[in-house]
Amino acid sequence: MSYDVTGEVGLQFFGKMIASISHEIKNVLAVINENAGLLEDFILMEEKGVPLNPEKLKRISTKAKEQVKRADGIIQNMNRFAHSVDETVKTIDVIDTMELMIKLSARFSDMFGMSFTMGSHFDPVKIETNPFLLQNVIWFCLDNIMNLAKNGDTVSIAVEQNGCDVLIRFFGISGLDGMTNCDLPAERETILLKALNGKLQVDNGAGEIVLCLNGNKN
Amino acid sequence: MRVLLVDDEEELVSTLAERLSYREINADWVTSGLAALEMAKNYKYDIAVLDVKMPGISGFELKKSLQNKHPAMKYIFLTGHGSEDDFKTGAEEAGAEYYLVKPVNIDSLIKKMNEVIGL
């Protein structure tokens, strides 16, 4: 299972994720920059006779540590995402992959004023597949859902083992309700689904999209 | 000079507002477009400094809404990492000179603020 099937689409997906991550890191740097500037302001004021306030200094230190922690999380996600292209076939935990994709998509879902949530999973749900292609098709699902969802929506996601198959259920998609013709899967999804031996089922009435991955033939 | 700072990064706008206050610039801050529209109803601002990408209303959309009600207000845009398309739109909306990439140097920001209101 090579990356040739995705071609330009896969590269665009990779670029979109990296651009979003770089944007997040820029925001972290901007916060650190302002706090460093604030520290300089306090030093300049101290030189003019305004005593340093230890509480204010402590507050800056706390904010800097919080931003370092935030950046560390962003970079960990980026690193995991980058390594998803290391192997074309690998046994992975779909729950881990789904959680990573929710994190990578959080900035986008924020922009749409909606969010994704996953219930607790106690056991891993494993499948042998192409990790990058799976992430790509999950992103397309999330992207479609973000465009369908209404402001304030929370769309739930469940990962289920069904024999050898794995089902990823996206439910509570308010925009699907009342739609008679949903054009999913479109061409971009179809190419990936074929490569992954998966299918996409849309239930407009139930407001649900299910991504089915065949565990036997990947 | 009275300034409205709008960015969904609360730590960023609150700190920037504090630093501007030490420079005798009266800056209010909010973290969403809707909150900005509310603030602009109650106070008269000379300049709005807007983050381009925010949840709900984008910086560009917010500018249009503010401009309808407050035609004299001037604008400076901030962006985390401008794509070429964002830059083109930002330059059209505010002029390339008033489209700043984060992290921003406060002295450069104040210089732009003075320029945009003609000081």
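Computed from a prediction, not measured in an experiment: that's the story for all the values here.

Caption draft 1: Looking closely at the interface of chain B and chain A. Chain B puts 21 residues into the contact, and the matching count from chain A is 24 residues. For the pair chain B and chain A, the summed buried surface comes to about 2000 Å²; carbon and sulfur atoms form 54% of the total. Across the contact surface, chain B and chain A share 6 salt bridges. Notably, a salt bridge pairs Glu9 of chain B with Arg70 of chain A, separated by 2.5 Å at the nearest N-O pair. For the interface between chain B and chain A, the tally reads 11 residue pairs in polar contact (both at pLDDT 80 or more). For the side of chain B that touches chain A, the leading source of residues is helix H1 (residues 10–21) of chain B, giving 7 residues. A breakdown of the residues in the side of chain B that touches chain A according to their chemical character gives 8 nonpolar, 6 polar and 7 charged.

Caption draft 2: How the structure looks around the packing of helix H4 (residues 131–148) of chain A against helix H5 (residues 187–196) of chain A. Residues and elements named next belong to chain A. Between H4 and H5, whose axes approach to 10 Å, the crossing angle comes to 145°. Every pair of crossing elements has a handedness; the one defined by H4 and H5 is left-handed. Judged by residue contacts, Leu133, Leu134, Asn136, Val137, Phe140, Asp143 and Asn144 of H4 engage Arg188, Glu189, Leu192, Leu193, Ala195 and Leu196 from H5. Residue classes in the contact of H4 with H5 are distributed as 8 nonpolar, 2 polar and 3 charged.

Caption draft 3: Region of interest: the pattern of salt bridges. Considering all chains together, one arrives at 15 salt bridges over all chains under this definition. When the shortest N-O distance is used, the salt bridge between Lys63 of chain A and Glu11 of chain B registers 3.1 Å. Linking Lys63 of chain A in helix H2 (residues 54–82) with Glu11 of chain B in helix H1, this pair reaches from one chain into another. You can call Glu11 of chain B partly exposed: its relative accessible area is 25%.

Quick notes on the rules
Residues numbered from 1 in each chain as written. Chains lettered and ligands numbered in written order. Predicted model: local features only at pLDDT ≥ 70, side-chain atom pairs only at ≥ 80, totals over all residues. Heavy atoms only, no water. Contact = heavy atoms within 4.5 Å. Buried area = accessible area lost by both parts, 1.4 Å probe. Salt bridge = Lys/Arg side-chain N within 4 Å of Asp/Glu carboxyl O. Polar contact = N/O pair within 3.5 Å; in protein donor to acceptor, adjacent residues only side chain to side chain. Helix = DSSP H or I, 4+ residues; strand = E, 2+ residues; numbered from the N terminus. Nonpolar A, V, L, I, M, F, W, Y, C, P; charged D, E, K, R; others polar. Axes fitted to C-alpha atoms, helices over the stretch in contact; angles between N-to-C directions. Left-handed = near helix turned anticlockwise from the far one by under 90°. Buried < 20%, exposed > 50% of the residue type's maximum accessible area, 1.4 Å probe, protein only.

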